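# Observations on the model geometry
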Amino acid sequence: MTSAIIRQPAIALVDDDFHSARLMLRMLAAHDAPLVDWLGGDPEKAFDSVLKLAALPLTATRLMVLVDLKSSSTASRDFIERLLHACPDLLVVAMAPSLDRDTRNQLLDAGAAAVFERHAELNSYRGEAANIVSYWVRAQQLDAVGT
């Protein structure tokens, strides 16, 4: 008998580019990230998957959704707005091609809790992955660990 138990990852990656997602998963793992799931390359399926994950009972860790959509200049912003309209209590962060004021503010205005830069240079990208893991740790509930 098999069971279709959905487990809640600590970080759900929404990325429409396979190679980008693969690199991010490797970088997060290299920085001791907790369980990370890539929700596939289709934003609509990823949206449905996040809704299912958000409906699961709370675990010891808080789910963080990392959005990095590249299909259009507003894809991440639009996804975040829609996701937070459906699940306003989610912790959602975004990746952006740059942290210029307009780009960053658009994502923050959409509801992203933080915006991280998608660097082209590998060492800078690695540093940003470390920043994402650090942000996830700081966003956890203070009472999630023992007495």
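In the block above lies the structure referred to throughout.
Figured I'd write up the structure that's included with this text. (Residues numbered from 1 in each chain as written. Predicted model: local features only at pLDDT ≥ 70, side-chain atom pairs only at ≥ 80, totals over all residues. Heavy atoms only, no water.)

### Let's talk about the packing of aromatic side chains
The tally for this structure, following the rule as stated, stands at 3 aromatic pairs. With a centroid separation of 5.9 Å and an interplanar angle of 90 degrees, the aromatic rings of Phe47 and Phe79 are classed as edge-to-face. Of this pair, Phe47 sits in helix H2 (residues 43-55) while Phe79 is found in helix H3 (residues 75-86), placing the two residues 32 residues apart along the sequence. Accessibility assignment for this pair places Phe47 and Phe79 in one class, buried. Plain terms: the ring middles of Phe116 and Tyr135 are 5.9 Å apart, the flat faces sit at 75 degrees to each other, and that makes the pair edge-to-face. Taken as a pair, Phe116 in strand E5 (residues 114-117) and Tyr135 in helix H5 (residues 122-138) lie far apart in primary sequence, 19 residues in all. (Phe/Tyr/Trp six-rings, centres within 6.5 Å; stacked < 30°, edge-to-face > 60°. Helix = DSSP H or I, 4+ residues; strand = E, 2+ residues; numbered from the N terminus. Buried < 20%, exposed > 50% of the residue type's maximum accessible area, 1.4 Å probe, protein only.)

### With respect to H3
The first and last C-alpha atoms of H3 sit 17 Å apart over 12 residues, in line with the 16 Å expected at 1.5 Å per residue. Three or more residues of H3 are buried, namely Ala75, Ser76, Phe79, Ile80, Leu83 and Leu84. In an axial view of H3, the angular spread of the buried residues amounts to 145 degrees, which keeps them on one side of the axis. Of the surrounding elements, those touching the buried residues of H3 are strand E1 (11-15), H2, strand E3 (64-68), strand E4 (91-96) and helix H4 (101-110). (Expected span 1.5 Å × (residues − 1). Arc of directions from axis to C-beta. Contact = heavy atoms within 4.5 Å.)

### Some details on the side chain of Asp15
Mapped onto the fold, Asp15 is located in strand E1. We classify Asp15 as buried; its relative accessible area is 1%. Of note is the side chain of Asp15, whose polar atom sits 2.9 Å from the backbone nitrogen of Asp17. Setting aside residues up to four positions removed in sequence, Asp15 forms contacts with Ser20, Ala21, Trp38, Gly40, Gly41, Asp68, Leu69 and Lys70. (Polar contact = N/O pair within 3.5 Å; in protein donor to acceptor, adjacent residues only side chain to side chain.)

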